[in-house]
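Per-entry structural report
Here is what each chain is made of, one letter per residue.
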Amino acid sequence: MKKILFSVALLSAGMMCTSCDQDLLEIEQKATSSTGNFYKTDADAESAVTAMYATYIGEIGGNEGIWSAYITGINYASDDVFAAGGDMADHTGFRELNEFRYDASFGPVSTLYNHIYKAIYSANLVINYFGGELADTPTKKQAVAEARVMRAWAHMLAAQVYYQPPLVDHLITTDKPSNDISQKEIFDWCVKECEEAANDLPERKGQTDKEGAWRVTKGFAQFVGGKSALFAGDNAKAASLLKPLVESSNYALVPGNRFRDLFHIEGDGCEEKIFEFNYTTNTAIGGVWGGSIQRGRWMVANVLNWRGDDIVGGGKNPQICATGGWGGGSINQDFAHKMLANDGDSYRRKATFLTSDEFFYDATLCPWADDVEAGGKLSTRAEKELDENRGITKSAGSFSRSDVMEVKMMCHPKDVDLSVGDNCNNTNLCLARLGEAYLLYAEACLASGNSSEALKYVNKIQQRAGSKTISSSVDLQTIQDEKQYELWFEGCRWFDIVRWGIAKQCYDKVLDNIPLQWDEYWNPSDGSAPKTKPHKLYYKIHHPFADAGIKLQFVAGKNEYWPIPQTVIEINDQMHQVRGWANN
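Residues numbered from 1 in each chain as written. Predicted model: local features only at pLDDT ≥ 70, side-chain atom pairs only at ≥ 80, totals over all residues. Heavy atoms only, no water.

**Re the packing of helix H3 (residues 42-60) against helix H6 (residues 107-130)**
Close contact between H3 and H6 brings their axes to 8 Å; oriented N to C, the two are set at 170°. When the axes of H3 and H6 are compared, the pair comes out roughly antiparallel. Facing Asp44, Ala45, Ala48, Val49, Met52, Thr55, Tyr56, Glu59 and Ile60 of H3, the residues of H6 in contact are His115, Ile116, Lys118, Ala119, Ile120, Ser122, Ala123, Val126 and Phe130. Of the residues assigned to the contact of H3 with H6, the class counts are twelve nonpolar, three polar and three charged. (Axes fitted to C-alpha atoms, helices over the stretch in contact; angles between N-to-C directions. Helix = DSSP H or I, 4+ residues; strand = E, 2+ residues; numbered from the N terminus. Parallel < 35°, antiparallel > 145°, perpendicular 65-115°, else oblique. Contact = heavy atoms within 4.5 Å. Nonpolar A, V, L, I, M, F, W, Y, C, P; charged D, E, K, R; others polar.)

Structural data, given as structure tokens:
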């Protein structure tokens, strides 16, 4: 009998064997392909690598209930993000990450792990059936190279999230993967894979080549290899891999006035993007729910948009927010104040969060439709200060929010396909952009003794940002700060503070310091009568766990990484917990 690619067909064949003669099974099945027939031509290689990309998009960038384990999971684990919501009981899954109350049985821990290794499997299919001597055409060689880089990226991510995860460099048959490999060995392997694969990859075809940002190119191989080398502690190697990328004419930083576009549909495939998942609305695949909404990260839009029931007007904003959401992903106020002091009114800062005055009064940002530029009547600051048709109205306080309003990852009205709904974010998911590459390169140069080169690229980032702070010298603290300003909520901060060895001191500053946000107009902080003060956000720090006698704690040697999922350990006797999780 022919070996069928699809697991459903295999299952069906297995069931048929119990009731049919063997010769009846020797019938060519329809609408399926055998491994002997499929993995042959250049067209097959293109189909296989397209299927791999679709798997990565679905597994890494897709939804899991209200989760995107990648997007929300790794960002909610950062010290500069609050798991906000309606109240303390809302979004408890996010909060457990934020407050180190998870264990090896926690759902998101296993969800992301499973997604990563399903993606790796899809890459291994391409490599197994088109690699080695089978790679007898340029198209097949390129398909294998693309798969090798995507597989390296997934292993790099796995090693950033889970300490000593298994390295799966082949299709597993009867063998079982183990996690008896060091972190450095994993990152070094990623570097080697990217270096070798780069030989069979094309360069991006200039800054206007959108497809060059949606498929693996030599530039993305350099990015993954360089970043992996930095995590392996090989700074000289990181600098050598990243140097041709940051100097390439195929990429450029977008101008400061387009910085916000990097996180919205206007920036998809732009000159700064090195690689991103390309989302498209496709209601033909399973209809709205099965196609467009799931591919468009519907739940991510709901989670991150301003909480509609806290804001007059439902959180909708003609310039910023497509619809009201659940108010998650709030920016830590201490970091926001630090960035405001550093950046001032920079393009970068205003694309990350708004001050109270900007949120309530700025004519180009005001969220309420009575604004003059939205066709309303109010035009002066004095009129807006005492306007009842605006404000943060929740009497108990908006949970985990402070005196600023983040905007960076809001689902903008232009990001959505209204034929599907106003909460379906079709913005591409960026995995690598030049801004991060500059800062990775600067850090590698600094650690390698080339401080002038490091300063050059830090200054490029600061100047593009429009920051009021332009450094005249550079040290590691400068780079740490710039990475946080530049890359807030882009999946970098957690991994960086672990790599820099400062995770505990960072987390200890923020654990249990939960803000509650009010508007002076509706709830004056001095107890005076409401509706007499101008609209102005303020906050108070809340200690709900301390009040309940519960101590939140970041445990050094344990909480830097998530545990290996308990479900994995139970079915694979070659896997075991490491570090502080081994005794739990």
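**Some remarks on unusual backbone geometry**
A positive phi angle, near 65°, is found at serine 400, a position not held by glycine. Here serine 400 lies in the loop between strand E5 (398-399) and strand E6 (405-406). The phi torsion at arginine 579 lies on the positive side, around 55°, for a residue other than glycine. The partly exposed category is assigned to arginine 579, whose relative accessible area is 31%. (Buried < 20%, exposed > 50% of the residue type's maximum accessible area, 1.4 Å probe, protein only.)

**Overview of the nonpolar core**
By size, the foremost hydrophobic cluster in this structure holds 138 residues, and its most contacted members are Tyr56, Tyr70, Ile116, Trp153, Phe220 and Phe277. It is helix H7 (residues 138-161) that provides the largest number of residues to this core, a total of 14 residues. Leave out the neighbours within four places in its chain, and phenylalanine 220 touches Val149, Met150, Trp153, Ile274, Phe275 and Ala432. Formed by 13 residues, the second largest nonpolar core is a distinct cluster that contains Trp306, Cys321, Phe359 and Met405. (Core = buried A, V, L, I, M, F, W, Y, C linked by side-chain atoms within 4.5 Å.)

**Section: helix H14 (residues 333-343)**
Along H14, the positions that sit buried rather than exposed are Gln333, Phe335, Ala336, Met339, Asn342 and Asp343. Two or three places before aspartate 334, at the opening of H14, asparagine 332 has a side-chain oxygen 2.9 Å from that residue's backbone nitrogen. Immediately beyond the C-terminal end of H14, within one or two residues, lies glycine 344, with a positive phi of roughly 65°. (Polar contact = N/O pair within 3.5 Å; in protein donor to acceptor, adjacent residues only side chain to side chain.)

**Details of the sheet that holds strand E9 (residues 537-542)**
Spatial ordering of the open sheet is given by E5-E8-E9, a layout of three strands whose pairing is antiparallel. In this open sheet, the two edge strands, each paired with only one partner strand, are E5 and E9. Across six bridges, the pairing between strand E8 (residues 514-519) and E9 is antiparallel. Bridge assignment links isoleucine 514 to a residue of E9, and that residue is histidine 542. (Pairing = 2+ DSSP bridges.)

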